[in-house]
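Notes for the structure review
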Amino acid sequence: MAATAQRMKRAHARKCWTGARDVSDGTNAATSVGWRDKVLEELQQLEAKALDALEGVTAIEALEAWRIGYLGRKGELTVIVRSVGGLPAAERPAAGREANRVKAVLEQAYEEKAAALSQQEMARRLSDECIDVTLPGRPVEPGYIHVSTRTLREIYAIFAEMGFQVYESPEVETDVFNFQLLNIPLYHPARDMWSTFHTTREGVLLRTHTSPGQIRAMREYYPEPIRIILPGKCYRYEQVTARHESMFYQVEGLAVGKHVTMADLKGVLTQFARKMFGAERKVRFRCSYFPFTEPSAEVDMDCIICGGKGCRVCKNTGWVEILGSGMVHPQVLRNGGYDPQVYSGFAFGMGPERIAMLKYGIEDIRYFFANDLRFLRQFA
Ligand code: FA5
């Protein structure tokens, strides 16, 4: 049974590769040699054709199509190899050897081509996707110190030379510290000048000046003598103009000790003005009023734009105001814990933006916090 099936299979195979040939068995030697030659010839032609086609393959996808076309289950070589089994027994070995040789040649050629293509692909990716680590990095533009910070630092340095330390106090303050302990009780008219922003918590607000820090420092340092400056942001609910912002910096100064006098105040502030604006500066002390100092004085400096002759900046007076000052009020000393019979002190408060406006000829305070780099870069 098995032998019959085998014979039928071989007869079918012979038909497959010889086309119309009608072969009933494999005993005719002359015909079988013809078949073998034919098989060998077809194998060699196929080998040449396949290798030729492989030459033109330049992509992985085309190579796969080539493999399926020649070596795949229904590929041209596979069909011939299968048909070798249908040759007469005597001719099968030679045809089989040749078929195996061609198969080996094509498989080898395939492997080589696959390796070459994958190398090409690797080379392409390496050149297309490579990162050139020798390229210089993109420059990162350096940042700048803000002109307010720069002015603050200049102020710190000048007061440091005179023995003043920096003391920090909160921006969010209570009504008690911002006003009441500074002799500004509820409904005091001076509150109008220092109107501010209030939080939703009763009695908690954004400080209008750095002066509440005076009380905090005194309470912290009592009974030691004090020589501090208090820098920080302040807030005011007022019309924003070329000289007024709703948020700006202040630097407070406070000196408390046993023999501090108005002469010390004048000496310190005159020295400050000359260090900040030039040794030739003239300073004048003009009577003023602050609820927390007695006596109080505004400090003016001769106008650096016109040298005191009168111009737009000094409103033709020859003088520009640089800060407010005075001797610490006895009640404020008491609120800080110091006995005014034993201790005395002076205090002052200045706006660094206004100082910078004078120093650099800036016409409008709104430039400071408008975040316009064209303005800010000028102070690099
Ligand atoms: C005060 O705030 C007092 N606490 C200063 C003081 C301290 C006096 C200690 C005596 C003793 P005044 O409101 O004048 O004072 O403000 C002081 C400085 O802050 C001004 O000279 C000005 O330079 C600056 N300043 C005030 N309001 C503004 C504002 N809206 N925008 C920018 N700077 C301002």
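Everything below is about the structure shown above.
Procedures and definitions
Residues numbered from 1 in each chain as written. Predicted model: local features only at pLDDT ≥ 70, side-chain atom pairs only at ≥ 80, totals over all residues. Heavy atoms only, no water. Helix = DSSP H or I, 4+ residues; strand = E, 2+ residues; numbered from the N terminus. Rg over C-alpha atoms; globule rule 2.2 N^0.38 Å. Buried < 20%, exposed > 50% of the residue type's maximum accessible area, 1.4 Å probe, protein only. Areas by Shrake-Rupley, 256 points an atom, 1.4 Å probe, with all protein chains shown as cover. Lys, Arg positive; Asp, Glu negative; His and termini not counted. Charge placed at Lys NZ, Arg CZ, Asp CG, Glu CD. Near = heavy atom within 4 Å. Polar contact = N/O pair within 3.5 Å; in protein donor to acceptor, adjacent residues only side chain to side chain. Disulfide = S-S within 2.5 Å. Core = buried A, V, L, I, M, F, W, Y, C linked by side-chain atoms within 4.5 Å. Contact = heavy atoms within 4.5 Å. Pairing = 2+ DSSP bridges. Axes fitted to C-alpha atoms, helices over the stretch in contact; angles between N-to-C directions. Salt bridge = Lys/Arg side-chain N within 4 Å of Asp/Glu carboxyl O. Phe/Tyr/Trp six-rings, centres within 6.5 Å; stacked < 30°, edge-to-face > 60°. Lys NZ or Arg CZ within 6 Å of the ring centre and 35° of its normal.

Before going further, it helps to spend a moment on the overall build of the protein. Along the backbone of the protein there are twelve helices and nine strands. In terms of overall size, the protein is more extended than a compact globule, its C-alpha atoms giving a radius of gyration of 50 Å where 380 residues would be expected to give roughly 21 Å. Across its three principal directions, the C-alpha atoms of the protein cover 145 × 50 × 35 Å. Burial status across the protein gives 42% buried among its 380 residues. Counting only carbon and sulfur atoms, one obtains 54% of the accessible surface of the protein, whose full area is about 21,500 Å². The centroid of the 49 positive side-chain charges in the protein is displaced by 2 Å from the centroid of its 46 negative side-chain charges.

Let us now look at the site of the ligand. Near the ligand you find 24 residues, and of these His209, Ser211, Arg236, Glu238 and Glu245 are the closest. Here a nitrogen atom of the ligand sits 2.9 Å away from a polar atom, N or O, in the side chain of histidine 209. One nitrogen or oxygen atom from the side chain of glutamine 250 is found 3.0 Å from an oxygen atom belonging to the ligand. Taking 670 Å² as the accessible area of the ligand by itself, protein coverage stands at 94%.

So, on to the state of the cysteines. By definition, a disulfide links two cysteine residues through a covalent bond between their sulfur atoms. Following the criterion strictly, the structure yields zero disulfides and no others. Of all cysteine sulfurs in the structure, the one in cysteine 306 sits closest to cysteine 303, which takes part in no disulfide; the separation is 3.6 Å.

Glancing now at the nonpolar core. If you look at the biggest cluster of nonpolar residues, it comprises 34 residues, and the most contacted ones within it are Phe159, Phe272, Phe346 and Met350. Sorting elements by how many residues they give to this core places helix H9 (residues 262–277) first, with seven residues. Ignoring sequence-local partners within four residues, the contact set of methionine 350 consists of Ile155, Phe159, Tyr249, Gln250, Val251, Phe272, Ile322, Leu323 and Ile355. Trp194, Ile226, Phe292 and Tyr338 belong to the second-largest nonpolar core, a separate cluster that totals 25 residues.

Right, let's talk about the environment of glutamine 331 for a bit. On the secondary structure map, glutamine 331 appears in helix H10 (residues 330–336). For glutamine 331, a relative accessible area of 28% translates into the label partly exposed. Along the chain, glutamine 331 and glutamate 55 lie 276 residues apart, while their C-alpha atoms are 104 Å from each other. One polar contact links glutamine 331 to arginine 334, side chain to side chain, over a distance of 2.7 Å.

Strand order in the open sheet made by the seven strands is S1-S4-S5-S9-S8-S7-S6, with mixed pairing throughout. Edge positions in the sheet fall to strand S1 (165–166) and strand S6 (283–290), since each has one partner strand and no second. By the bridge criterion, seven bridges tie S6 to strand S7 (residues 293–302) in an arrangement that is antiparallel. If you follow arginine 284 over to S7, its bridge partner there is aspartate 300. On top of the sheet, helix H8 (residues 212–221) reaches S1, strand S4 (226–235), strand S5 (247–257), strand S8 (319–328) and strand S9 (344–350); it is set at about 145 degrees to S4, its chief contact.

Once that is clear, we can look at the pattern of salt bridges. Scanning the model with the defined rule gives 20 salt bridges in all. As a salt-bridge pair, arginine 101 and glutamate 98 come within 2.9 Å of each other at their nearest N and O atoms. Of this pair, arginine 101 and glutamate 98 both sit in helix H5 (residues 92–129), three residues apart, roughly one helical turn. With its nearest N and O atoms 3.2 Å apart, the salt bridge here joins glutamate 141 to arginine 377. One end of the pair, glutamate 141, is in the loop between H5 and helix H6 (147–161); the other, arginine 377, is in the segment after helix H12 (373–376), and 236 residues separate them in sequence. Judged by relative accessible area, which is 51%, glutamate 141 ranks as exposed. Shared partners join several salt bridges into a network, and the residues in it are Arg284, Arg286, Asp300 and Glu321.

This next bit is on the packing of aromatic side chains. With the rule as written, the count across this model stands at 19 aromatic pairs. Judged by centre distance (5.2 Å) and plane angle (20 degrees), the rings of phenylalanine 159 and phenylalanine 348 are stacked. Separated by 189 residues along the polypeptide, phenylalanine 159 in helix H6 and phenylalanine 348 in strand S9 bring together distant segments of the chain. Taken as a pair, phenylalanine 159 and phenylalanine 348 share a single burial class, namely buried. Counting every residue linked through ring pairs, the aromatic cluster contains Tyr360, Tyr367, Phe368, Phe369, Phe375 and Phe379. Just above the ring of phenylalanine 177 sits the side chain of arginine 216; from NZ or CZ to the centre is 4.0 Å.

Right, let's get into unusual backbone geometry. As a rule of thumb, non-glycine residues mostly have phi less than zero, and peptide bonds are mostly trans rather than cis. Going from tyrosine 222 to proline 223, the amide bond is cis rather than trans, its omega being 5 degrees. Going from glutamate 294 to proline 295, the amide bond is cis rather than trans, its omega being -5 degrees. Among the secondary structure elements, proline 295 is positioned in strand S7. Positioned with a positive phi, lysine 315 is a non-glycine residue whose angle comes to about 50 degrees. Along the polypeptide, lysine 315 turns up in the loop between S7 and S8. Residue classification places lysine 315 among the exposed residues on the basis of a relative accessible area of 67%. You will see that asparagine 371, though not glycine, has its phi angle at about 60 degrees, which is positive. For asparagine 371, a relative accessible area of 62% translates into the label exposed.

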